[in-house]
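Structure at a glance
For reference, the chains in residue letters:
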Amino acid sequence: MSSVPDGKKLVRSPSGLRMVPENGAFNSPFSLDEPQWVPDQECPRCMQCDSKFDFIRRKHHCRRCGRCFCNKCCSNKVALPRMCFVDPVRQCAECSLLSQKEAEFYDKQLRVLLAGGTFGVTLGTTEKSETMTCRLSTNHRYLFLDGESHFEVELSRISSMQILPDGTSPGESDVHTYTSLLDSHGEGGTSRASGMILHYKPMGSQDVQQLRLEATEDKKAASLWLAAMHKAAKLLYESRDQ
């Protein structure tokens, strides 16, 4: 599936121009669907300040949440890459703050994930480790692992992620960050991250497989990659929840 070309098309929606995959099945796992707008007849007042709409005070819909606001409460135009908008779009104050926080992921962490990091990779319970470059695919749907061998992990099939700080091994009490892509438990710093354990289901299988990555040579670059992956995991959980 990862070898299928990712064609894009420009579409116009009530919210603005969007550049989306030609096949919706190949949407980025970080993407969000456009919300249904609250019908005009159901919002006689601004849903933030409660001002009554009239001929002068017009209604505006937030492109992220779909709620209805006056111009004062929905005047920010902010980039919204999670919905594939080409240009910044109108958002309410709450949503614009969320989008601005996510901008760091798209501007910085996503580039780190696409560039990749070098790790010692152990598959399953075997003791054998292979030095591999791990990077995110350009469509954001897979982790590619390349060394003497090559294999892929589809992000949608990852069930859990464990980030390991320096000097720890699985099961120790000072493993301080655990992010599940199915549950929202756990959050912590990744500034000293030196490894990661993933549990996922390979394509065509319902059996859970374990994958362990440990920083090898450039530990600083590996730590940055792991921190970016932690941020990506949080966005994946939010996408599934929304």
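An unreviewed UniProt entry annotates the chain as FYVE-type domain-containing protein originating from Takifugu bimaculatus.

Let's shift gears to the overall build of the chain. When you go through the chain residue by residue, the secondary structure sums to two helices and 14 strands. Counting over 242 residues, the chain shows a buried share of 43%. Considering only intrachain contacts with a sequence separation of at least 6, the fraction spanning at least 24 residues in the chain is 49%. Only carbon and sulfur atoms are counted for the fraction: they give 48% of the accessible area of the chain, which is about 13,400 Å².

With the rule as written, the count across this model stands at six salt bridges. In this structure, the salt-bridge partner of arginine 141 is glutamate 154, at a minimum N-O distance of 3.2 Å. Residue arginine 141 is found in the loop between strand E8 (129–136) and strand E9 (142–146), and its partner glutamate 154 is found in strand E10 (residues 150–154); the two are separated by 13 residues along the sequence. The same class applies to arginine 141 as to glutamate 154, namely buried. Close ionic contact of glutamate 214 with arginine 212 constitutes a salt bridge, the shortest N to O distance being 3.0 Å. Glutamate 214 sits in the partly exposed class, given a relative accessible area of 34%. Among the charged side chains, a salt-bridge network with shared partners connects Arg64, Arg82 and Glu102.

Right, let's get into the state of the cysteines. For the structure on display, the rule yields zero disulfides. Cysteine 49 supplies the cysteine sulfur nearest to cysteine 46, a cysteine that is in no disulfide, at a spacing of 3.7 Å. With no disulfide partner, cysteine 62 has as its closest neighbouring cysteine sulfur the one in cysteine 65, 3.6 Å distant.

To continue, consider the packing of aromatic side chains. Here the distance between the centres and the angle between the planes together describe a pair of aromatic rings. Taken as a whole, this structure holds four aromatic pairs when the rule is applied. Feature note: the residues Phe30, Phe105 and Tyr106 constitute an aromatic cluster, connected by ring pairs. Positioned above the aromatic ring of phenylalanine 85 is the side chain of arginine 18, whose terminal nitrogen or guanidinium carbon lies 5.9 Å from the ring centre.

Moving on to the nonpolar core. Ranked by internal contacts, the top residues of the largest apolar core, which has 34 residues, are Phe30, Leu143, Met196, Leu211 and Trp225. If you look at the next biggest cluster of nonpolar residues, it comprises 12 residues, including Cys68, Phe69, Cys74 and Cys92.

Moving on: the environment of leucine 145. For leucine 145, the position within the fold is in strand E9. A C-alpha to C-alpha distance of 6.7 Å links leucine 145 and arginine 135, two positions 10 residues apart in sequence.

Moving on: a nonpolar patch on the surface. The grouping of Leu10, Met19 and Val86 at the surface amounts to a nonpolar patch, some 270 Å² of accessible area in total. In this structure, valine 86 sits in the loop between strand E5 (76–78) and strand E6 (89–91).

Moving on, we get to the pairing of strand E11 (residues 158–165). Each regular strand carries side chains that alternate between the two faces of the sheet. Counted residue by residue, E11 has seven buried out of eight residues, so it is predominantly covered. Pairing analysis gives seven bridges linking E11 to strand E13 (residues 193–200), with the strands arranged antiparallel. In the sheet register, proline 165 faces E13, and the bridge partner there is alanine 193.

This part takes up unusual backbone geometry. Look at aspartate 50: it is not a glycine, yet its phi comes out positive at around 70 degrees. By the secondary structure assignment, aspartate 50 is in the loop between strand E2 (16–21) and strand E3 (60–61). Taking relative accessible area as the criterion, aspartate 50 reaches 47% and is therefore assigned partly exposed. One non-glycine residue, histidine 140, lies in positive phi territory at about 70 degrees. Tracing the backbone through its elements, the reader meets histidine 140 in the loop between E8 and E9.

Next up on the list: helix H1 (residues 93–115). Relative to the 33 Å expected for 23 residues at 1.5 Å per residue, H1 spans 33 Å between its end C-alpha atoms, a close match to the ideal helical length. When the local axis directions of H1 are compared, the greatest deviation, roughly 35 degrees, occurs at glutamine 109. The set of residues buried in H1 consists of Cys95, Ser96, Ser99, Glu102, Phe105, Tyr106, Gln109, Leu110 and Leu113. One or two residues past the end of H1 sits glycine 116, with phi positive at roughly 95 degrees.

Tracing the backbone shows serine 31 in the loop between E2 and E3. With relative accessibility at 19%, the residue serine 31 sits in the buried group. One polar contact links the side chain of serine 31 to the main-chain carbonyl oxygen of serine 28, over a distance of 2.7 Å.

Thresholds, definitions, all that
Residues numbered from 1 in each chain as written. Predicted model: local features only at pLDDT ≥ 70, side-chain atom pairs only at ≥ 80, totals over all residues. Heavy atoms only, no water. Helix = DSSP H or I, 4+ residues; strand = E, 2+ residues; numbered from the N terminus. Buried < 20%, exposed > 50% of the residue type's maximum accessible area, 1.4 Å probe, protein only. Contact = heavy atoms within 4.5 Å. Areas by Shrake-Rupley, 256 points an atom, 1.4 Å probe, with all protein chains shown as cover. Salt bridge = Lys/Arg side-chain N within 4 Å of Asp/Glu carboxyl O. Disulfide = S-S within 2.5 Å. Phe/Tyr/Trp six-rings, centres within 6.5 Å; stacked < 30°, edge-to-face > 60°. Lys NZ or Arg CZ within 6 Å of the ring centre and 35° of its normal. Core = buried A, V, L, I, M, F, W, Y, C linked by side-chain atoms within 4.5 Å. Patch = residues over 30% accessible without salt bridge, like charges linked within 9 Å, V, L, I, M, F, W, Y side chains within 5 Å. Pairing = 2+ DSSP bridges. Expected span 1.5 Å × (residues − 1). Bend = angle between axes of the 7 residues up to and from the residue. Polar contact = N/O pair within 3.5 Å; in protein donor to acceptor, adjacent residues only side chain to side chain.

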